Amino acid sequence: MSHTSRVNLASREFKADPYPFYARLRAEAPVFRTMLPNRQPAWLITRYDDALAMLKDERLVKDRRNALSRERPAKSPWMPAFMRPLARNMLDLDAPDHTRLRALVHQAFTPRRIEQLRARIQVLCDQLLDAAQAQVHLELIQAYALPIPLTIIAELLGVPAVDRPAFRRWSEHVVAISSAAGLLRALPGIWRIVRYLRGLCARRRADPQDDLLTALVEAEQAGDRLSEDELLALVFLLLLAGHETTVNLIGNAVLTLMQHPGQRELLQQNPALIKPAVEELARYASPVIVATERYAREDLTIAGVTIPRGELVLAVIASANRDERKFADPDRLDLTREPNHHLAFGQGIHYCLGAPLARMEVQIALTTLLC
């Protein structure tokens with residue numbers, strides 16, 4: 001298999017059934033050099049053990065500037081001035097900046113705060129399905145999968161009820177971005193969200209409330225606090241992270257269960273299986289196909305292939321989660337599978353901060369819909 005092959009990972013045709021291609025990569029070229037749609041070269045890591053190791057490897061960094069020498073500075077893509085603070089979000093930072101921000105967020109994003117949302121999520125799911133009773137068909141994403149995480153993150157952050165319809169419209173523009181043209185179309189919505197969030201943050205500093213945003217404003221670690229721009233970037237990240245993984249997982253899970261009626265009936269007859277079921281659905285139909293970007297801080301060798309310093313490296317989560325070296329009969333859906341150490345929520349220091357909330361939302365959403 002040529003290491004210069006070009007695969008459009010973002011195309012609908014490829015996404016419809018990428019697993020045979022990933023299986024071929026795992027067998028023939030587990031470290032595979034390809035060209036992304038934006039003409040950027042990238043290395044795809046497709047085996048489970050390699051992907052797990054790279055997600056923890058300190059030689060792979062999130063900020064490309066930390067991977068290049070002073071003689072080869074990174075060229076930053078153009079972006080409007082109002083968006084620049086968003087580029088310095090926790091997901092795209094390395095230690096020590098990432099360590100500091102994550103420590104601050106952990107103080108506000110506590111298990112207790114998440115668990116308190118359980119009853120509210122159940123009520124919301126019930127309300128959405130009650131509203132759908134008057135419809136001939138349920139448009140799963142728009143009428144169910146999307147409103148659940150969007151409403152919860154808006155309430156969690158403390159977005160007033162009167163502002164939520166506009167907040168939802170702006171947010172949907174952002175999460176729909178899939179290309180450069182889509183980004184340009186979304187710029188007005190992003191500008192409105194940024195302006196709104198700046199105002200909301202200012203109000204919480206002046207008038208604290210019992211919400212996550214106030215907790216983030218007040219979080220301290222060794223006398224440290226989030227700056228205005230850091231708070232903006234973090235809230236924006238929570239908004240996006242609170243949508244995408246959960247929406248994708250609910251949608252993928254329902255489709256997968258419709259395609260596997262025996263497993264669907266097993267869950268319907270035994271709702272107590274919902275926790276392992278969600279883990280298996282996350283493994284089988286990964287809500288995130290490829291992990292966020294990493295860059296080689298030095299030349300490094302993975303599976304016998306040397307990746308040059310400064311190059312983009314991508315762990316293919318959807319492939320790692322179907323690796324026959326890790327999972328028995330990986331192309332079979334088994335809602336009782338144990339153990340199930342999938343990588344759907346990442347690994348290492350950038351493990352998904354919102355994973356407990358996403359799991360709870362999906363467990364309740366599926367149980368309410370199907371059981």
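Scroll up for the structure.
Residues numbered from 1 in each chain as written. Predicted model: local features only at pLDDT ≥ 70, side-chain atom pairs only at ≥ 80, totals over all residues. Heavy atoms only, no water.

Draft legend 1. Layout of the packing of helix α6 (residues 118-132) against helix α16 (residues 355-370). The N-to-C vectors of α6 and α16 enclose an angle of 40°; their axes lie 10 Å apart at closest approach. Classified by the angle between their axes, α6 and α16 sit oblique to one another. Taken as a pair, α6 and α16 cross one another with a handedness that is right-handed. Along the contact surface, α6 presents R118, I121, Q122, C125, D126 and L129, while α16 presents L357, M360, E361, I364, A365, T368 and L369. (Axes fitted to C-alpha atoms, helices over the stretch in contact; angles between N-to-C directions. Helix = DSSP H or I, 4+ residues; strand = E, 2+ residues; numbered from the N terminus. Parallel < 35°, antiparallel > 145°, perpendicular 65-115°, else oblique. Left-handed = near helix turned anticlockwise from the far one by under 90°. Contact = heavy atoms within 4.5 Å.)

Draft legend 2. Structural context of the side chain of D94. Take D94: it is sitting in the loop between β3 (60-61) and α4 (97-108). Within the buried core, D94 has no salt-bridge partner, and the shortest N-O distance to an opposite charge, that of R297, equals 6.7 Å. Here D94 is in contact with V61, K62, D63 and N66, once residues within four sequence places are set aside. (Buried < 20%, exposed > 50% of the residue type's maximum accessible area, 1.4 Å probe, protein only. Lys, Arg positive; Asp, Glu negative; His and termini not counted. Salt bridge = Lys/Arg side-chain N within 4 Å of Asp/Glu carboxyl O.)

Draft legend 3. Geometry of the pairing of strand β1 (residues 31-35). With 5 bridges connecting them, β1 and strand β2 (residues 41-45) associate as antiparallel partners. By the bridge assignment for β2, T34 is matched with A42. Counted between consecutive antiparallel strands, the loop separating β1 from β2 contains 5 residues, among which R39 sits at a positive phi close to 70°. (Pairing = 2+ DSSP bridges.)

Draft legend 4. Broad picture of unusual backbone geometry. A cis amide bond links A95 with the next residue in sequence, P96, at an omega value of 5°. Structurally, the position occupied by P96 is in the loop between β3 and α4. For the bond running from E338 to P339, omega is -10°, close enough to zero to count as cis. For A303, which is not a glycine, the phi torsion comes out positive at approximately 50°. In this fold, A303 is placed in the loop between β5 (300-302) and β6 (305-307).

Draft legend 5. Structural view of the pattern of salt bridges. For the structure on display, the rule yields 20 salt bridges. For E155, the salt bridge is made with R164, and the minimal N-O distance between the two is 3.5 Å. With relative accessibility at 26%, the residue R164 sits in the partly exposed group. Of the charged contacts in the structure, one is a salt bridge between E280 and R337, with a shortest N-O distance of 3.0 Å. Within this pair, whereas E280 is found in helix α14 (residues 274-284), its partner R337 is found in the loop between α15 (317-320) and α16, the two being separated by 57 residues in sequence.

Draft legend 6. Molecular detail of the packing of α14 against α16. In contact at an axis separation of 10 Å, α14 and α16 are set at 110° when each is read in the N-to-C sense. Regarding the angle of α14 to α16, the classification is roughly perpendicular. Mapping the contact onto sequence places I274, K275, V278, E279 and L281 in α14 and R359, V362, Q363, L366 and T367 in α16. Classifying every residue of the contact of α14 with α16 gives 5 nonpolar, 2 polar and 3 charged. (Nonpolar A, V, L, I, M, F, W, Y, C, P; charged D, E, K, R; others polar.)

Draft legend 7. Summary view of the nonpolar core. Ranked by size, the top nonpolar core spans 85 residues in total, and within it F109, I121, I148 and L216 carry the most contacts. Considering every element that reaches this core, the biggest residue donor is helix α12 (residues 228-259), with 14 residues. Other than its neighbours up to four places away in sequence, I121 contacts I148, I152, L357, M360, E361 and I364. Within the second largest apolar cluster, 19 residues are counted, among which are V31, A291, L300 and A315. (Core = buried A, V, L, I, M, F, W, Y, C linked by side-chain atoms within 4.5 Å.)

Draft legend 8. α14, seen in detail. In terms of residue burial, α14 counts as a mostly covered element, since 10 of its 11 residues are buried. For α14, the full list of buried residues reads I274, P276, A277, V278, E279, E280, L281, A282, R283 and Y284.

Draft legend 9. Local environment of the sheet that holds β3. Across the sheet, which stays open at both edges, the 5 strands sit in the order β1-β2-β7-β4-β3 with mixed pairing between neighbours. Every interior strand has two partners, whereas the edge strands, β1 and β3, have only one. Taken strand by strand, helix α3 (residues 48-56) contacts β2, β3, β4 (294-296) and β7 (312-315), and its axis lies near 125° from that of β7.

Draft legend 10. View of the packing of aromatic side chains. Under the criterion given, the structure shown has 6 aromatic pairs. Taken together, a centroid distance of 5.7 Å and an interplanar angle of 85° make the contact between Y48 and F327 edge-to-face. Of the two residues, Y48 sits in helix α3 while F327 sits in the loop between α15 and α16, which places them 279 residues apart along the sequence. Neither residue differs from the other here; Y48 and F327 are each classed as buried. Three or more aromatic residues joined by ring pairs make a cluster, and in this case those are F14, Y19, F21, Y22 and F32. (Phe/Tyr/Trp six-rings, centres within 6.5 Å; stacked < 30°, edge-to-face > 60°.)

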